[in-house]
Every structure is written in structure tokens, then in C-alpha cells.
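Coordinate analysis (summary)
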Amino acid sequence: MMVMSKKESYLRVDDGDSPMIAEKLFEASRQEAEALLHEMGVSRHGLSSLEAANRLESFGMNIISHEKPDSLLKRLLKAFVNPFTVVLFILALVSLFTDVIFSNEKNPRSVILICSMVLLSGMLRFVQESRSNKAAEKLKELVHTTAMVERGDEGTIEIPLGNIVPGDIVNISAGDLIPADIRLVESKDLFINQSTLTGESEPVEKFHAASSQHYSTLTDLPNIAFMGSYAVSGTAVAVVLSTGDMTCFGSMARAITGKHVVTSFDKGINEVSWVLVRFIIFMVPVVFFINGFTKGNWLEAFLFALSVAVGITPEMLPMIVTTNLAKGAVAMARKKTVVKHLDAMQNFGAMDILCTDKTGTITQNRVVLEYHWNVYMEDDKRVLRHAFLNSHFQTGLKNLMDVAILAHSEEEGFEALMQKFVKVDEIPFDFNRRRMSVVVRDNTTGKTQMITKGAVEEMLSVCSFAEYEGQHEPLSEELMIKIHDTVDKMNSQGMRVIAVAQKDDPPATGEFSVKDENGMVLMGYLAFLDPPKDTAASAIKSLNEDGIVVKVLTGDNEAIARCICRQVGMETDKILLGSDIDSMDEATLQQQAAEINIYAKLTPQQKARIVRALRSTDHTVGFMGDGINDAAAMREADVAISVDSAVDIAKESADIILLEKDLKVLGEGVIEGRKTFGNIIKYIKMTASSNFGNMFSVVTASAFLPFLPMLPIQILVLNFIYDISCTAIPWDHMDPEYIKKPRKWDASSIGRFMVWIGPTSSVFDVTTYIIMFFIICPAACGGPFGAPGVNQVLFISLFNAGWFVESLWSQTLVIHMIRTPKIPFLQSRAAAPLLFLTTVSITVGTLIPYTSFGKAIGMSGMPAMYFPWLIGMILCYMALATFLKIMYIRRYSELL
Amino acid sequence: MQIGGNLITAFGLFGVCGLMLLALLATWPSTKAYQKGRNFRKWYIFSFLLFPVALIASFFISSEPAESGVKK
């Protein structure tokens, strides 16, 4: 999502950054449609496929630069340029000067070794991140957004948005995304929502006529629609003026690339990174000066301080987070859940309120026409026939009821009507008046009639008469009451009812508009049934058990909402209506929204207001929707969920797309989200606490030891081995108890975890110093440090090796300690990849001091007497860590 | 154990190790007292300074209603 703070300036005429784009759009707005088409080398039938292919080659794909994946070179640079490799490089340079250039022995072994480590760590990061990015890209391909274009030789075809080229003739209808910057050549009551560009949520009407007026702002142009906006209602045919980066939206995006909206997840990661950076800022000078003054070797003190800084830097954090998210996204895709924005996965797992529409989520999404009655509740084919003409000729978004009417009409053999009638005009649907009209002419009689269908209340407000057996009678109070009673009765049985009305020979002057919908004759109503899904009740129960409260937000009326929700086991005593919400202030709504789970007769704005109210009371709110009326609420939600069959704008607004509109599928996805979040937080907490502990150990060693406890290169090797074992964390599983609850990002919990658990390892680091310095090294070297005849080089190299191995064991085993509140290995075992990698790391690390590689980096093999001490220390360490873990859980009621 | 002339090192390492261990163990009485409705921070300082006394006291104090923001 891009930051739009600069948007206004990009849309102004006097802006200097995109004058060509602006000028082109102003020019196109002034021109007559036919002249513009001629200039662009296209007819109203569109480009030929060949010409479109040529233009695609010349202009490129209709994609904005920031959406394109990084180039190979950029990815390589990102993998190789990080604090870890930079310090290794500095060490390699120092080694080159001291061991090769200015040394008589000319031993390049250390340089080769350090360069190999740079290569290895960089490649590991590159491969892992490339795989993750590839997985994420593949997932995106599962969700297509398309547009309808005219291609001369092929007629009207549906193509991916990316394949649209300048000159294409596109058809726009309600719910469609505007695929590029376009100039309207035909339009009918077209309302466009330009909030992405202007921030204004009210839709604006656009027309196709050429404009001679002067406008100072591009988005005010009445006949130009912009990429990034969408059609709320109406229809249009337009010619594409520019695509990709050459669009107005593209120029804005290009200018502010990289400035992403900071999510709570990003914030959390940043906070942790900053805590560690502060440690580094504090640690490096302290360690440098203490070692410099006490040991006298300032270059070595500098390199040591630098290596300690690298050791504390969580350089693998980006890779671990990316791999975790990508792996989680792939696992979710297997469960029919596509994650469009990887960062949203954490919010998905943290979601504790799910707002959803009713149709298709709780109901079967198979709307069947049950009755077509006249006003006296008798079957009447005329009602169905008029409804058929309305549904057939309307060009807006065909909803499920239109589909049901058309399917039913097929059985009745109404196809002949398609030839008999011709469409004159159309007044599209909108969510405020909740009805739509078509005007048709009978070819045989020449009679014109307006046919309107829509929500019963809104229809009654424009009807003055009722029709029964061909006769019109005034719509009396008595008849109105009868109609309301009938509709209420049907609604309480879970049926959706719409009314059908008509008006003969409406005034034909000019184009028809909403004002013409008056004095109509009510013909009757249609009742539809969309029964609840068999799985809905169990899915809602299961979501409740997983800590997610389901709230139904529907545009349908109270009676239907109550009936359907009751059938799926929801509490239906309290229902809040859209009209109630309008009369509430924010505080009252927040309080009501927390208690009430069913909302009916809502407009899109009211849905968005409810989501906002819930979010403001510290809930993580998900919104699942598939229509235009859901887009506003989806944008307000922490996590927007849609389905593959949704309208473009709903898919575009969504963070997560379900390939099957089912709450059960959603529930499985949530669990995957929690697992992913758990694994990320696991790495962060163990790294933060481990680094915090190391800080104490290093400061203590610098202050009290007469030599460095570990050489800079040894710290880096240790860090490298530990990082490799951490790469298996994304493959680990979480305890079932952990994934039962929504998990919210809480940066303060990381800080306190670090302070509680971190010093545990320091106690054993210092214990290792004591054992190595006063017991093992003196035994192996023949006396205490500094005593005459004691080999000090061997003493130091043994000491270094002893702490290297203990440190690796404790750092690696803490992964198993922290990953679960249970007793590790006995009550909860890590996944096989993590078990394998940590075992390999410990084994390799323990063997290193005995190899020539170990000797090359300044270590000596420890004597056999070291290992009983090591095992004893590790067992004590695990016991103390378990003790601290228990205390921590008692204090904070959680571990991760 | 061979200390030789490294008295400062010995004093420093043993001292730091002991203090850190005490800091960790002090969480025991303070957590216990916290579960009985007492202020964790105050009890932690008390435990750090007088660990044996705090430990015994934490077992014998009675439960109090939780302070605001303190879970029992």
C-alpha cells in the first residue's frame, strides 16, 4: 500500500514532476471522443489482437514499477551487503595485511576462510530469500484481476489487467477497477470512487462528453477515470490513454516508492531492532575501551567490539521473517487461502473479531427463486416476466438474485422476449436507493415501459398504484399493511423478498434518471431462498473456540438476518440496524458493537463505521466481503478477506483471498497465521534474550579477564553456526495450546522476556570462564594463567575453545527451551528439521576446535575432562532456564 | 582450582556470577508474592537484598485482593 501524502501535488496542473502525463490527460479530456480514437489509431471495436500485441511490446506491461520484483543484481546485493558480511570483509582485509602482505610467512588461510564465510552466508540468504519471493509471486498468480476489452477480431474478451495497452477499448461496470488512465467514450450513470487518489470517499459522477472547461486538478476532469479508482455504479465504454508507470497513479507510486504504510507488524520488528541497536551503541564503546585499556592491543580491541556488535545484530531477522511468512503463505495456499500481502498474516493470526457478510459465507450462495407473487400472494407469471426483462437488460453487476431470475426464466421459456424487446435506457443500482430500473421498448407495439426492481421498502416509496389482473388500483394503506405483513412473514422464514414495479410510456425526453422512478405500479414480489450452509454452524462454533467472535454485517433486513443467524446457532436476541447506528455517537457505538453480533440493513458506510468502532476498542478485526458494498469496511479492517469470485475492488482491497468462500477454510487459515506468527516471535524472543545475555558475558569478560574471551573471527563463526541452526525455525510447529488463542504483536513482551531469560545464559557463560580459567586450562597447561612456564598461547586458545563450545551449546539448546512452555524433548519436541539442524550445529561446533580449521582461527582441542563439566553446566543451565520459564509464565501468564 | 595471582579475576567472576544468580532466583519469592496479590517490583527488590527472608515470607504471607492491573 502506498503512502498518499503527496498525492494532491501530483494531480495538480502546475506540478512539475509529471507535466507530460497531466498534459496528455487534459488534452484527451478536451478532445471529442471520435477525434481521440482516430488519433490513437483505434475504432470503437477495439484494437486487433496483432496490434494489441505490438503495443504491449512497445509500451510494456500495465504494471507499476514498485510491484515488479527486484532484479537479480539487487537481490544479490541485498543478500551480501549486511553488517555480518561487512565486518567479515573488514576482518579479511586486516588479515590480508597482517598475514599476507606484511607477514614473512605469507599465510592466506584466514583470508580464504573469511571470504568463504562471506560467500556461504550470502548464498544462504540469497537462495532462501529467492525461494520465499518466488513462492509469494506464485501465490499472487492464483488470484487474477481482469478487464473486459474489445478486440476487433475476437469481440469482447476478458484479459488480465497487466495486458491492457494504450488504445484498448474497455468496458466498465459496477465493481470494476479502472485498469489504466482512460477517457470515457460512452457512459451511463457512471459513478467512480477516486479515494485512492484524492482521499475523498464520496463517489463522483463521470460523463463521456468532451470538456472545454478549465480544471486545475486532474481528478476533477469529468470524462477521465484513473487507474487505482473503481466504478461504484453505472456502465461505461472507454479508451485507454496510458498504462503502468505512465498513468497518474503510476507517477505517484514511482515518486514515493519504498515508503510503505507501517503496519503493527513492521512497528514491532522495528522496535525490537532498535532495542538491539541501542545495546550495540552502548556496548561497542564500552567493550572497545575496556579491552583497549586492559589488554593494550587497540586494533584487536576494535575488531572484538565490532564482532560483538555483529553477534548482537539479528542479521538473520529479515531472512527468518520472510521465510516464515512465505512458508506460512504456501501452507495456507494448500488450505485454499491465498495471502496477497505477507505482512497481513500476523494480523490474520491475531484476529479476534471476524465481521462477515451473510450471503455465501453463512448461506449456501445458491439463491433459488421460490415464489413470484402478485400483490395478493398468487403466482403470477407477469411478475416474473418483468423481473426477467429487468435482469436481462441491466448491464451493472448481476447479483445472485438476477442469476436466479434468469435461471428460473429459462425454465419458463422467456428467451423470445429478448428479441421482442429492445433496451432504451438503464438507471443503475446504488446502495442508498437499493433498486434499479431498465427502460425497454416493445418492438411490435412500440410501447415503452420502465421496469424497476429492488428492496420492498424502497420500491413502495416510488409506487402509487398496485396491479391486479391487469387493473391498476391505488396503493392503499390497507394494501400496504398487507404487503408488509406478507413480506415480514417471508423474511422470518429466511426468504429475501424484492418487489417489481413498472410504468408505461415514461416521458422519453432526454436520458432517464432516478427522478423518473416515481408514480410506479407495483406488480408483485419475488421471494428467494438461500439456506444456511451445513458447515456454517460448526465453523462458527470452531472459530469461537479458537477465540474469534463472528459478527454478521448484512444489508438484508432484520427478519432474514435473525432467521439465518438463528439457524447457525448465533445469539439473535439483539440485532442492531443501520438506522440505529446513524443515531449513535462513537462511544455508544463502540459499546454496542462490543456486545452485539448481528447487524442488519447496513449501508457500506455503516459497515465501515462498525469495523472502525471495533478496532478502536483494541480488537484485531477481520472483514470478509465480496461486493462493492464491502470495500469501505475492508479498507478499515486490520485484515481484509475476500474470495476469488468477488468483484475486482473487493479482491484488490483484500489482504487474504479464500479460494472457497467458507468459514471453515478461513478457520484453517487463521491457525496457519498463528503458527507463522509463533515461529517469528520465537526467533525474535530467543535472539533478543540470547543477545542480551551475551552482552553481560562480554562486559564481564572484558572487565575481569586478562585476555579476550573469544577472538573476533571465533565470534563470527559461532554466530554463523547459530544462524544456520535458526534457519529451520520456520519449519517448526507450535504447541496446540498456543494456536488456540489469537496472538497479538506486543513489543513490550519481547523486552521483558529478554530481561528475564537473557541473564540465564550469562550465569553459565561466567561459570564457564571460572571453570576454564581456574580448572581446565591450568590443568592442561601446567599452572594458572601468568605463572612461570605456563604456555599462555595454549591457555588462551583452550579458553577460547571452551567458551566457544559452551556458548554454542547453550545458545542452540535455548531454542528448544524457549519454543514451548512445556518440558522440552519430553512434553514437546521440535520439528525434525529443527532437531536435525541444532544437533548438526552442536556436533560441528564441538568438533571445530579439534580440526585444522579450528586451529586456523585460534582454538585448541579441549581435554576430555572438559566434557563432564560441560554436560553438568548445560544440565544446570536447562534447569535454571526451566525455573525462570515457570516464574515468567506465573508472572505474565504466557511465554511466547 | 588454581587461582595463582589472578585474584581480581577470581573475585570479579565469582562476584558477577553470584549476583546474576541471585538476580534470577529473586524472581521466585517475588512471583509467589505477586500471585498472592503483592507488588512484584517491591518484592523483587526485597528478594534480591534478603533472599532467604523473602523466600520464607513469600510462603507464609496471606493472599490479598489484587492491585489494579495485577492478575492473581
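Here is what the cut-offs are and how they apply
Residues numbered from 1 in each chain as written. Chains lettered and ligands numbered in written order. Predicted model: local features only at pLDDT ≥ 70, side-chain atom pairs only at ≥ 80, totals over all residues. Helix = DSSP H or I, 4+ residues; strand = E, 2+ residues; numbered from the N terminus. Buried ≥ 20, exposed ≤ 12 C-beta atoms within 10 Å, placed from the backbone. Contact = placed C-beta atoms within 7 Å. Pairing = 2+ DSSP bridges. Axes fitted to C-alpha atoms, helices over the stretch in contact; angles between N-to-C directions. Expected span 1.5 Å × (residues − 1). Nonpolar A, V, L, I, M, F, W, Y, C, P; charged D, E, K, R; others polar. Domains from an automatic or database assignment. Core = buried A, V, L, I, M, F, W, Y, C linked by C-beta atoms within 7 Å. Parallel < 35°, antiparallel > 145°, perpendicular 65-115°, else oblique. Left-handed = near helix turned anticlockwise from the far one by under 90°.

**What to know about the overall build of chain A**
Assigned secondary structure in chain A consists of 32 helices and 23 strands. Over its C-alpha atoms, taken along the principal directions, chain A stretches across nearly 125 × 65 × 45 Å. Of all 896 residues assigned to chain A, the portion counted as buried reaches 52%. Contacts spanning at least 24 positions in sequence make up 74% of the contacts within chain A whose residues lie at least 6 apart.

**Some points on the overall build of chain B**
Tallying secondary structure elements over chain B gives four helices and zero strands in all. Each helix and strand of chain B, placed in order from N terminus to C terminus, yields the pattern α-α-α-α. Expressed as a percentage of the 72 residues in chain B, the buried residues total 29%. Counted over contacts in chain B with a minimum sequence separation of 6, partners at least 24 positions apart contribute 58%.

**So, the sheet that holds strand β23 (residues 656-658) of chain A**
Residue and element names in this part refer to chain A. Strand order across the open sheet formed by eight strands is β8-β23-β22-β21-β9-β18-β20-β19, with mixed pairing between neighbours. In the strand order of this sheet, the two ends are held by β8 (337-339) and β19 (575-577), each with one partner. Neighbour-to-neighbour, the strand axes of this sheet turn through a mean angle of 20°, independent of strand direction. Note: strand β18 (residues 549-553) against strand β20 (residues 598-600), two bridges, orientation parallel. Residue pairing in the sheet places Val552 in a bridge with Ile598 of β20.

**Digging into helix α32 (residues 866-892) of chain A**
Its 27 residues place the ends of α32(A) 38 Å apart at the C-alpha level, agreeing with the 39 Å of an ideal helix rising 1.5 Å per residue. Along α32(A), the residues that are buried comprise Tyr866(A), Leu870(A), Tyr877(A), Met878(A), Ala881(A), Leu884(A), Lys885(A) and Met887(A). In this structure, the buried side of α32(A) is in contact with α28 (747-781) and α29 (792-818) of chain A together with α1 (7-25) and α2 (27-35) of chain B. Looking at the residues trailing α32(A), positive phi occurs at Ser893(A), about 60°.

**Here we look at unusual backbone geometry**
All names here are of chain A. Even without being glycine, Lys601 reaches a positive phi, approximately 50°. Looking at the secondary structure, you find Lys601 in the loop between β20 and α23 (604-616). Here Asp618, not a glycine, exhibits a phi torsion of approximately 65°, which is positive. With respect to the helices and strands, Asp618 occurs in the loop between α23 and β21 (621-624). With 8 C-beta atoms counted inside 10 Å, the residue Asp618 sits in the exposed group.

**A short note on the interface of chain B and chain A**
Of the residues lining the interface, 25 residues belong to chain B; the matching set on chain A comes to 29 residues. Put simply, the parts of the chain that give the side of chain B that touches chain A at least two residues each are α1 and α2 of chain B. Ranked by residues supplied to the side of chain B that touches chain A, first place goes to α1(B) with 12 residues. The residue inventory of the side of chain B that touches chain A, partitioned by class, reads 15 nonpolar, nine polar and one charged.

**Overview of the domain arrangement of chain A**
Examined at the domain level, chain A breaks down into domain 1 (7-68 + 168-255), domain 2 (262-330 + 670-892), domain 3 (353-363 + 533-659) and domain 4 (368-529). Here domain 2 of chain A and domain 4 of chain A have C-alpha centroids that lie 73 Å from each other.

**Here we look at the nonpolar core**
All names here are of chain A. Grouped together as the largest cluster of nonpolar side chains are 218 residues, with contacts concentrated most on Ile182 and Phe623. Every residue in contact with Phe623, bar those within four places of it in the chain, is listed here: Cys355, Val611, Asp630, Ala633, Met634, Ala637, Ala640 and Ile641. Formed by 41 residues, the second largest nonpolar core is a distinct cluster that contains Val367, Leu389, Val439 and Val440.

**What about the environment of Ile353(A)?**
Residues and elements named next belong to chain A. In this structure, Ile353 sits in strand β9 (residues 353-356). Since 24 C-beta atoms lie within 10 Å of it, Ile353 is described here as buried. In this structure, the C-alpha to C-alpha distance between Ile353 and Ala650, residues 297 residues apart in sequence, is 19 Å. Those residues in contact with Ile353, other than ones at most four positions away along the chain, are Ile548, Val549, Lys551, Leu614, His619 and Val621.

**Observations regarding the environment of Glu571(A)**
Residues and elements named next belong to chain A. Of note, Glu571 is situated in the loop between α20 (558-567) and β19. Judged by C-beta crowding, with 11 C-beta atoms within 10 Å, Glu571 ranks as exposed. C-alpha separation for the pair Glu571 and Ile596, spaced 25 residues apart in sequence, amounts to 9.0 Å.

**Points about the packing of helix α27 (residues 712-726) of chain A against helix α30 (residues 832-847) of chain A**
Residue and element names in this part refer to chain A. Relative to each other, α27 and α30 sit at 165°, their axes nearing to 8 Å. Put simply, α27 runs roughly antiparallel to α30. Of the two possible hands of crossing, α27 and α30 adopt the one that is right-handed. Here Ile721, Ile724 and Ser725 of α27 lie close against α30, whose contacting residues are Leu837, Thr838, Ser841, Val844 and Gly845. Its residues placed into classes, the contact of α27 with α30 shows four nonpolar, four polar and no charged.

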